[in-house]
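So you can see what is in the structure, the chains are spelled out below.
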Amino acid sequence: MKKTFYSLSLGLACLASISASAQTGQRAILPANGQLPTKVANRGCAAMEVLDAQLAANPGLAQRLSAIEAQTARYAANPVAMRTTAAVTIPVVVHVLYRTSTENVSDAQVQAQIDVLNQDFAKTNTDASLIPAAFAGLAANTNVQFALAKRTPTGGATNGIIHKVTKVTSWSSNDAVKNSKRGGDDAWDATKYLNIWVCNLGQGLLGYAQFPGGSTTTDGVVVLYSSLPGGSAAPYNKGRTATHEVGHYLNLRHIWGDASCGNDLVSDTPTQQTSNYGCPTFPKVTCSNGPNGDMFMNYMDYTDDACMYMFSNGQSSRMNALFATGGARVGLATSNGATAPLTVAATSLTLYPNPATDQLNIRTAMDTPASNWTAKVYDLRGFEMKQTRTSASGTLDVSALPTGFYQVVLTDGVNVQHQRFQKQ
Ligand SMILES: [Zn+2]
């Protein structure tokens, strides 16, 4: 695997070349000092730089990635036996972080982005008709689909879109946007949801993603708000930035392998010299890949939104391995995040004392113990707290919980109720 570690000196060298990038058609780069071109001159994606930084910071990650590669190879060799489901619908939560009204994209625009993802991943995009005949047989319906969440991690109802105001004027690829304490918004349980953050991403970046195998607190995809369908980031405003980044999230590499005539770990994509920009003319032969040349219309290249319109079968196999036996994202295939929660019962339950220290009593309106209700406790980010125990008499032992606020989800097997309490 080819690795480019971004050192300070390399970053500064790249900074010097920014002004030349528009002429030379080189990718937008990450200046080390955060100074940035305000306009996106070329498609810029920091997914590989983020991966390199995570590999440098986390010695265990390389081993996890190699285990994922081994499982991916096993799946490619025997997809029928390892497949757990014919198609996967991934529950999605979209975190819109905005400082200005322009950055606060509408729910309709978010839905339009989900629609683009669904078309692109199902090969129902209308521009699939433009795929050159030489590549048409390789174009894939991936059987991966996306649905806005209807259920929060704690079981509440949601439309899957969070609009949150922030004081941050511009974000970088340092994951602050995924952290409420840094002005962003915490991830929902990444084993059950695809988290997409929509924000004013700076540094000339359109987006970045985290590959499978990384930390759940930073897992997901970040895109520039104006890259959504109908946004102002032309020629990158048809929603293909999200398609490209979700490709990374589902373990796809850049099609040129991030090296000169590099390897993208997919067998049916031609080896190509480097990234393509704009809208090349077919065929574009590099790295002796004639007569068909580069698959520059692939979503994992750097071409304009209007000029990328396919995943390959090999890429589809790589993505689907994640949902097969032993796959790194298999939890998404069984998540109930896109299923609406049950209607809350009319039965009135109360919790007391609140705040509680050791025991929390669950009582009905008749002040009798709610012994047929069971309770699960979650922290406010939606992670289940396993330290609690319910007793047959309708009390909840919270003595082992750290102090703080929690949500308890009560169910009698049919109905569900949510209530907050404080542990002190
Ligand atoms: Zn990328």
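Residues numbered from 1 in each chain as written. Predicted model: local features only at pLDDT ≥ 70, side-chain atom pairs only at ≥ 80, totals over all residues. Heavy atoms only, no water.

- As recorded in an unreviewed UniProt entry, the protein chain goes by the name M43 family zinc metalloprotease, listed as coming from Hymenobacter endophyticus.

**Some remarks on the nonpolar core**
Link 1 in the chain: Phe 146 and Leu 250 are the most contacted members of the largest nonpolar core, which has 74 residues in total.
Link 2 in the chain: The element best represented in this core is strand S1 (residues 88-98), accounting for 6 residues.
Link 3 in the chain: Excluding residues that lie within four positions of it along the chain, Leu 250 makes contacts with Ile 90, Phe 121, Val 144, Pro 212, Arg 318, Met 319, Leu 322, Phe 323 and Arg 329.
Link 4 in the chain: With 17 residues, the next largest nonpolar core counts Ala 356, Ala 375, Leu 401 and Leu 410 among its residues. (Core = buried A, V, L, I, M, F, W, Y, C linked by side-chain atoms within 4.5 Å. Buried < 20%, exposed > 50% of the residue type's maximum accessible area, 1.4 Å probe, protein only. Helix = DSSP H or I, 4+ residues; strand = E, 2+ residues; numbered from the N terminus. Contact = heavy atoms within 4.5 Å.)

**Structural notes on the packing of helix H4 (residues 61-77) against helix H9 (residues 313-321)**
Link 1 in the chain: Between H4 and H9, the shortest axis-to-axis distance is 9 Å and the interhelical angle comes to 120°. One finds that H4 runs oblique with respect to H9. Relative to H9, the crossing made by H4 is right-handed. Along the contact surface, H4 presents Glu 69, Gln 71, Thr 72, Tyr 75 and Ala 76, while H9 presents Ser 317, Arg 318, Asn 320 and Ala 321. (Axes fitted to C-alpha atoms, helices over the stretch in contact; angles between N-to-C directions. Parallel < 35°, antiparallel > 145°, perpendicular 65-115°, else oblique. Left-handed = near helix turned anticlockwise from the far one by under 90°.)

**Considering the state of the cysteines**
Link 1 in the chain: Overall, the coordinates contain 2 disulfides when judged by the stated rule.
Link 2 in the chain: Between Cys 279 and Cys 307 runs a disulfide, and the two sulfur atoms are separated by 1.9 Å. In this structure, the disulfide formed by Cys 279 and Cys 307 twists by about -100° around the S-S bond and is classed as left-handed. Here the residue Cys 279 occupies a position in the loop between helix H8 (240-249) and H9, and Cys 307 occupies one in the loop between H8 and H9, the gap between them amounting to 28 residues.
Link 3 in the chain: Taking relative accessible area as the criterion, Cys 307 reaches 7% and is therefore assigned buried.
Link 4 in the chain: Along the protein chain, the cysteines that take part in disulfide bonds pair up as 1-3, 2-4, counted in sequence order. (Disulfide = S-S within 2.5 Å.)

**Brief notes about the environment of Asp 258**
Link 1 in the chain: Structurally, Asp 258 is set in the loop between H8 and H9.
Link 2 in the chain: Linking Asp 258 and Thr 274, residues 16 residues apart in sequence, is a C-alpha distance of 7.2 Å.
Link 3 in the chain: Of note is the side chain of Asp 258, whose polar atom sits 2.9 Å from the side chain of His 254. (Polar contact = N/O pair within 3.5 Å; in protein donor to acceptor, adjacent residues only side chain to side chain.)

**A closer look at the packing of aromatic side chains**
Link 1 in the chain: In total, this model carries 8 aromatic pairs according to the counting rule given.
Link 2 in the chain: Ring geometry for Tyr 277 against Tyr 302: centres 5.8 Å apart, planes inclined by 55°, an arrangement best described as tilted. Taken together, the residues span a long stretch of sequence, with Tyr 277 in the loop between H8 and H9 and Tyr 302 in the loop between H8 and H9 at a distance of 25 residues.
Link 3 in the chain: On the basis of relative accessibility, which here comes to 16%, the residue Tyr 277 falls in the buried class.
Link 4 in the chain: Through a chain of ring-to-ring contacts, the aromatic side chains of Phe 121, Phe 146, Tyr 299 and Phe 311 assemble into a single cluster.
Link 5 in the chain: When the ring centre of Phe 211 is taken as reference, the NZ or CZ atom of Arg 253 above it lies at 5.2 Å.
Link 6 in the chain: Lying over the aromatic face of Tyr 249, Arg 329 brings its terminal NZ or CZ to 3.7 Å of the ring centre. (Phe/Tyr/Trp six-rings, centres within 6.5 Å; stacked < 30°, edge-to-face > 60°. Lys NZ or Arg CZ within 6 Å of the ring centre and 35° of its normal.)

**Quick word on the pattern of salt bridges**
Side-chain pairing between opposite charges can occur once the charged atoms of the two side chains come close.
Link 1 in the chain: Per the stated rule, a full pass over the model turns up 8 salt bridges.
Link 2 in the chain: The residue Arg 240 makes a salt bridge to Asp 127 at a minimum N-O spacing of 2.9 Å. Taken as a pair, Arg 240 in helix H8 and Asp 127 in the loop between helix H6 (107-122) and helix H7 (133-136) lie far apart in primary sequence, 113 residues in all.
Link 3 in the chain: Relative accessible area serves as the criterion here: at 15%, Asp 127 is assigned to the buried category.
Link 4 in the chain: One salt-bridge network, in which partners are shared between bridges, spans Asp 120, Asp 127 and Arg 240. (Salt bridge = Lys/Arg side-chain N within 4 Å of Asp/Glu carboxyl O.)

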